[in-house]
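Descriptive structure summary
Listed below, chain by chain, are the residues.
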Number of protein chains: 2
Amino acid sequence: MVAYNISSSFADTLRHRRQKLAQLIDFPVILWSGSNSPRNFKANTYTFRASSHFLYFAGLPLPNAAIRLEAGKLELFIDDPEPGSALWHGETPKRAEIAEKIGADVARTLSELKHRGSNAASIPVQNYRTSLVQSQVLHRDIASPSDLAGLDLELAKAIVTLRLTHDAGALAELRKAAAVSVAAHKAGMVATPKAKQEAEVRAAMEGVIIAQNMTTSYNSIVTVHGEVLHNEAYHHPLQSGDLLLADVGAETEMGWAADITRTWPVSGKFSATQRDIYDVVLAAHDACIAKIRPGVEYGDIHLLAATTIAEGLVDLGILQGKPEDLVEIDAHALFFPHGIGHLLGLDVHDMEDLGDLAGYEDGRKRSDRFGFSYLRLNRPLHPGMLVTIEPGFYQVPAILNDPQNRAKYQNVLNWERLSQFADVRGIRIEDDVLVTSDGSEVLTAALPNDANTVENLVTNVSN
Amino acid sequence: MVAYNISSSFADTLRHRRQKLAQLIDFPVILWSGSNSPRNFKANTYTFRASSHFLYFAGLPLPNAAIRLEAGKLELFIDDPEPGSALWHGETPKRAEIAEKIGADVARTLSELKHRGSNAASIPVQNYRTSLVQSQVLHRDIASPSDLAGLDLELAKAIVTLRLTHDAGALAELRKAAAVSVAAHKAGMVATPKAKQEAEVRAAMEGVIIAQNMTTSYNSIVTVHGEVLHNEAYHHPLQSGDLLLADVGAETEMGWAADITRTWPVSGKFSATQRDIYDVVLAAHDACIAKIRPGVEYGDIHLLAATTIAEGLVDLGILQGKPEDLVEIDAHALFFPHGIGHLLGLDVHDMEDLGDLAGYEDGRKRSDRFGFSYLRLNRPLHPGMLVTIEPGFYQVPAILNDPQNRAKYQNVLNWERLSQFADVRGIRIEDDVLVTSDGSEVLTAALPNDANTVENLVTNVSN
């Protein structure tokens, strides 16, 4: 285990979190960290990621650990390293040292947890083997987040309440993740002129993250095919007319995430059509961020993005009609099929392991409308929430070639005009925005997004 | 899924492998690829790695797939992408296209596998969810590699027989992995003078691998604390008197691995004591490689390393006595506690998922001797085998401060002399060596390992 770089207020932050939890629920809670997932054989594992709920209250990414929370008290359950471990892994912190770091009230071996499970609530873990242990200790199966009921559901709702509002400890980590992600994107722009394939730009970006002892918070998207929303291939050659879309974010050692997308021209110069669309997406981005303040509905932010994009496309002659009417029939979603953003915190889609429990206000459900069904967040905003704002424009063949869509939108979509924008496959601009008491703060603002400055970042260094 | 860069002989290679399997066993075989392992939530997964046995016969890293092999025929079981998939993942190859690429005789949906499991043998998968499917299809539990019996054990032995000897298709991939790993190590040396912490050197090395669209074949070790054998921390500052030990290898898209270690001085200049020990390790490395040829026992290679290291330490006045006698009492293992190497192929410890079935010749068991118990390979060598040769010298506190060791070795270890080598915490030199019909070929030979050239690689670029 790593010698973590812990601030002096670390244990206080954790204590404060569990005290707040104790104000919301009056039953014991057990949270597991998970264990290493084997890759191709047992000793060759994926890089361990602790459960986010565990991280929120225990702070450290400890494999094979659990915590029990009750009335503001923290019990840590973890085994000391095995006797032979020092040869392979060096001297690692003992249970008592870890307990002290995180301010645990008691520290016990894992086996002592066996008799502490009755009446405790918990949250399903991702790691399958850990879920078996969890069932044994709790004497019941809570393997599926969609089945949460009773105390587990109460716990999940309480955790959502806490994690929706980032405290100072969380924000310090989130700012670190944002800063490194900004540096990664700049490095990606700088690396583009000499890169021959997408993978080289990805390497430049992830190199910055690795060099800071962080990981990526999700599988990077670095592609000239931005129209494939979750593209995880990096083998395409970079050609001078291409736009490169990079959706890359860092995660701190303690698990806090950033999530940034920029789109830049491989040549360092947007074509006129690329710049036209880019500016439409940027206008939506800016309008959404300008609107963020406490009390505003995030769903309205999405609607604003949709309307602004529709408006821009009308101005360009691609869509025809009144923007509001176009949004009414989901015409914006032909080009902007996903949501305007999501919660961000320990998870890049924060608390998505709980389904829509965090993203959707109690009593709300996903819309089945084409233009709204992918919206991951539908709540009024409040100070301390961190959200992404990520409008985009994509020419997705699966959408634009769909016969039903072609029929439905034949009167509002000017295909001939659209064909002039063939060099725009996908554009997205994404920043991480903290809701503050009087508006918002863009944590990723240090990364430029206006077309001219982006061009300069790409080209200046190629000279 | 990626559009794989497949050579024209790809399907022939796979056909040849299953035909050879059919010469060894006469029952049907089902192998699963595994599925994505969730990281912190279901949609945020670790980068998928297919099971190595699946990869050997099916060639492509397809998630959620299975193959059935019988009498040299290949049936592929995989579902076509779901209808909504194109939006998020783009157009991905259909079952029929994949079947054609890999030369499958038949292609079916996954559900059709349900009734094809009786009498089939298989190998346990690492992915836990897949192991549940496996049990359902086979109507039995084969979750543990140590429990293999009957047809499963026969299958495992047949696969070991095949995978122990690399064919031309495998060697082409292994050479690619080796070449990229060599480039990564050179980049690491070059990056060292400007790096402030280990993570920066790691970033330079892994950046080379990512830029080539490859992954690391194991979690990199890049550390100034080489005495911690499996050090996965990268936060230590680089100080001018330090040695940096880097054990980093690339894995090709199709899953074939390389495994290289170099140790270099952070300052670009070995101290006299560092160079003395470095040359002892290098002498062992060179002696072992010189001895590799068909028919030689790998255990004897390990013994040669132990003896050469003991001899070198006697020459330096650290150990006292005859090298052979010192090895007899495991005195070499005070400083060289691990084995001289292991098999290399689709896994960095090839087929270690099968325990010692691949590493140890039938009927042989691990020694319980301190100096031999960590030896992962104990077989006579034959052409087409790929092994690592990785002698090392470490001052491991857990070993050297052990009271039993101090008592046992008090007459052969000169503590005062050893204390003069305090600036040597850990050195390892590792290359990947192919056994050929008339000797050996070092696949990683393009990476220098003599002290002078290593120094030049580090310093030339700092000037």
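Residues numbered from 1 in each chain as written. Chains lettered and ligands numbered in written order. Predicted model: local features only at pLDDT ≥ 70, side-chain atom pairs only at ≥ 80, totals over all residues. Heavy atoms only, no water.

Some thoughts on the pattern of salt bridges
Going by this rule: Any Lys or Arg side-chain nitrogen found within 4 Å of a carboxyl oxygen on Asp or Glu counts as a salt bridge. Per the convention used, a helix needs a DSSP run of H or I reaching at least four residues, while a strand needs a run of E reaching at least two, with both numbered from the N terminus. Here's how the labels work: a residue is buried when its accessible area is under 20% of the maximum for its type, exposed when over 50%, partly exposed in between, all with a 1.4 Å probe on protein chains only.
All told, the structure shown has 57 salt bridges over all chains when counted by the stated rule. When the shortest N-O distance is used, the salt bridge between D167 of chain A and R17 of chain A registers 2.7 Å. Linking D167 of chain A in the loop between α6 (150-163) and α7 (168-191) with R17 of chain A in helix α1 (residues 10-24), this pair joins segments that are 150 residues apart in sequence. Assessed through its relative accessible area of 5%, R17 of chain A is described here as buried. In this structure, R275 of chain B and E455 of chain B form a salt bridge, with 3.2 Å as the shortest nitrogen-oxygen distance. Placement of the pair is R275 of chain B in helix α9 (residues 272-291) and E455 of chain B in helix α15 (residues 451-460), with a sequence separation of 180 residues. Overall, the relative accessible area of 6% leaves E455 of chain B in the buried class. Beyond isolated ion pairs, a larger network of salt bridges with shared partners links R68, E70, E75, R108 and R116 of chain A.

Re the UniProt feature "domain: Aminopeptidase P N-terminal" (unreviewed entry) in chain A
Where we set the bar: UniProt positions are given in the numbering used here, feature names are shortened, and annotations may be inferred rather than shown by experiment.
The sites that carry the UniProt feature "domain: Aminopeptidase P N-terminal" (unreviewed entry) are, in the present numbering, residues 9-138 of chain A. With 35% helix and 19% strand, residues 9-138 of chain A has end C-alpha atoms that lie 33 Å from one another.

Concerning the sheet that holds strand β6 (residues 106-108) of chain A
All names here are of chain A. Under the convention used in this document: For two strands to pair, DSSP has to find at least two bridges joining them. Axis angles are defined between N-to-C directions and span 0 to 180 degrees, where every axis is a line fitted to C-alpha atoms and, for a helix, only to the segment in contact.
Strand order in the open sheet formed by 4 strands is β1-β4-β5-β6, and the pairing between neighbours is mixed. Edge strands, defined here as strands with exactly one partner in the open sheet, are β1 (29-32) and β6. Averaged over all neighbouring strand pairs, the angle between strand axes comes to 20°, with direction disregarded. Here strand β5 (residues 73-78) pairs with β6 via 3 bridges, running parallel. Residue pairing for β6: E75 is matched across the bridge by V106.

Let's talk about the interface of chain A and chain B
Put simply, the rule is: Between two residues, a contact is recorded if the distance between any of their heavy atoms is within 4.5 Å. When two parts are put together, the accessible area they lose, computed with a 1.4 Å probe and summed over both, is reported as buried area.
With 63 residues of chain A at the contact, the number on the chain B side is 63 residues. Around 5,300 Å² of area is buried between chain A and chain B when both sides are counted, 58% of it from carbon and sulfur atoms. Here chain A and chain B share 2 salt bridges between them. Salt-bridge contacts for R39 of chain B lead to E251 of chain A; the nearest nitrogen and oxygen are separated by 2.9 Å.

Concerning the packing of aromatic side chains
Our working definition: Any two of the Phe, Tyr and Trp rings considered here, Trp counted by its six-membered ring, make a pair once their centres fall within 6.5 Å; the pair's planes then place it as stacked at under 30 degrees, edge-to-face at over 60, or tilted in between. Throughout this description, the term charge over a ring refers to an Arg CZ or Lys NZ atom that lies within 6 Å of the ring centre and within 35 degrees of the ring normal.
Counted under the stated rule, the structure contains 12 aromatic pairs over all chains. Ring geometry for F335 of chain B versus F393 of chain B: centroids 5.0 Å apart, planes at 5°, classification stacked. Here the residue F335 of chain B occupies a position in the loop between α11 (323-328) and β12 (386-389), and F393 of chain B occupies one in strand β13 (residues 392-394), the gap between them amounting to 58 residues. Accessibility classification places F335 of chain B together with F393 of chain B in one group, the buried group. Members of the aromatic cluster, joined through ring pairs, are Y56, F57 and W256 of chain A. Sitting above the plane of the Y234 of chain A ring, R202 of chain A keeps its charged end 4.1 Å from the centroid.

Looking at the relation of the copies chain A and chain B
In this structure, two copies of a chain are linked by a rotation about an axis accompanied by a shift along it. As a reminder of what qualifies: Residues below a pLDDT of 70 in either copy are left out; the C-alpha atoms of the rest, at least 70 in both, set the least-squares superposition of the copies.
Superposing chain A onto chain B takes a rotation of 180° combined with a translation of 0.0 Å along the rotation axis, leaving an RMSD of 0.0 Å. The transformation just described matches what one would write down for a two-fold rotation axis. By C-alpha distance to the rotation axis, the residue of chain A lying nearest is G207 of chain A, at 2.7 Å.

As for the packing of helix α9 (residues 272-291) of chain A against helix α10 (residues 298-315) of chain A
All names here are of chain A. Quick reminder of the rule: For classification purposes, an angle smaller than 35 degrees is called roughly parallel, one larger than 145 roughly antiparallel, one from 65 to 115 roughly perpendicular, and anything else oblique. Crossing handedness: left-handed means the near helix sits turned counterclockwise from the far one by under a right angle, and right-handed means the same turn made clockwise.
The N-to-C vectors of α9 and α10 enclose an angle of 150°; their axes lie 9 Å apart at closest approach. Here α9 is positioned roughly antiparallel relative to α10, judged by the angle of their axes. Crossing handedness for the pair α9 and α10: right-handed. Each of I277, V280, A283, A284, A287, C288 and K291 in α9 lies in contact with α10, whose residues at this interface are D300, I301, L304, A305, T308, I309, G312 and L313.

A few points about the sheet that holds strand β8 (residues 221-223) of chain A
Backbone-to-backbone hydrogen bonds pair the strands of a sheet. The strands run either parallel or antiparallel. All names here are of chain A. If you walk across this open sheet you meet the 3 strands as β8-β9-β11, and the pairing is antiparallel. The sheet terminates laterally at β8 and β11 (260-265), the two strands that pair on one side only. In this sheet, adjacent strand axes meet at a mean angle of 10° when their direction is disregarded. Sheet topology note: the strand β9 (residues 243-248)/β11 ladder contains 6 bridges and is antiparallel. Counted as the bridge partner of L243 is P265 from β11.

Some details on the environment of G426 of chain A
Residue and element names in this part refer to chain A. In this structure, G426 sits in strand β14 (residues 426-428). Judged by its relative accessible area of 3%, G426 is buried. Separated by 30 residues in sequence, G426 and V396 place their C-alpha atoms 8.3 Å apart.

Overview of the side chain of E227 of chain A
Residue and element names in this part refer to chain A. Heads up, the condition is: Charged residues are defined narrowly, with Lys and Arg counted positive, Asp and Glu counted negative, and His plus the chain ends left uncounted. Polar contact is defined as a pair of N or O atoms within 3.5 Å, subject to the rule that within protein one atom must be able to donate a hydrogen and the other to accept it, and that residues adjacent in sequence are counted only when both atoms are side-chain atoms.
In this fold, E227 is placed in the loop between β8 and β9. Of the side chains with opposite charge, R425 lies nearest to the buried E227, which makes no salt bridge, at 4.0 Å. There is a polar contact of 2.9 Å between the side chain of E227 and the side chain of H225.

As for the domain arrangement of chain A
All names here are of chain A. We apply this condition: These domain boundaries are the output of an automatic or database domain assignment.
For chain A, the assigned domains are domain 1 (10-163) and domain 2 (168-460). Computed from C-alpha coordinates alone, the two centres of domain 1 and domain 2 are separated by 34 Å. With 20 residues of domain 1 in contact, the opposing surface of domain 2 contributes 17 residues. For domain 1, the biggest contributors to the area lost against domain 2 are R49, V160 and R163; these three give 34% of the whole. On the surface where domain 1 and domain 2 come into contact, there are 4 salt bridges. As a salt-bridge pair, R163 and D350 come within 2.8 Å of each other at their nearest N and O atoms.

Some thoughts on unusual backbone geometry
Residues and elements named next belong to chain A. Despite not being glycine, N119 has its phi angle at roughly 70°, a positive value. By secondary structure assignment, the location of N119 is in the loop between β6 and α5 (128-138). With relative accessibility at 63%, the residue N119 sits in the exposed group.

A short note on the nonpolar core
What counts here: In this text, buried Ala, Val, Leu, Ile, Met, Phe, Trp, Tyr and Cys residues form a nonpolar core when linked through side-chain atoms within 4.5 Å.
Counting 138 residues, the largest nonpolar core has L21, I277 and F335 of chain A as the members making the most contacts within it. Excluding anything up to four places from it in sequence, F335 of chain A contacts L313, I318, L319, G392, F393, Y394, L400, L413 and L418 of chain A. With 137 residues, the next largest nonpolar core counts L74, A170, A310 and L316 of chain B among its residues.

Some remarks on the environment of G371 of chain A
Residue and element names in this part refer to chain A. Its place among the elements puts G371 in the loop between α11 (323-328) and β12 (386-389). Residue classification places G371 among the buried positions, given a relative accessible area of 2%. On a C-alpha basis, the gap between G371 and G90 in space is 54 Å, while along the polypeptide they are 281 residues apart. If we skip the residues at most four places from it in the chain, G371 touches H302, D330, H332 and A333.

Observations concerning the packing of helix α7 (residues 168-191) of chain B against helix α8 (residues 198-211) of chain B
Residue and element names in this part refer to chain B. Condition: Under this grouping Gly is polar, as are all residues other than the nonpolar Ala, Val, Leu, Ile, Met, Phe, Trp, Tyr, Cys and Pro and the charged Asp, Glu, Lys and Arg.
Relative orientation of the contacting elements α7 and α8 amounts to 150°, with a least axis distance of 8 Å. The orientation of α7 relative to α8 falls into the category roughly antiparallel. Along this stretch, α7 crosses α8, giving a crossing that reads as right-handed. The residues of α8 that touch α7, namely those facing V180, A183, A184, H185, A187, G188 and A191, are V201, A204, M205, V208 and I209. Tallied by class, the residues present in the contact of α7 with α8 amount to 10 nonpolar, 2 polar and no charged.

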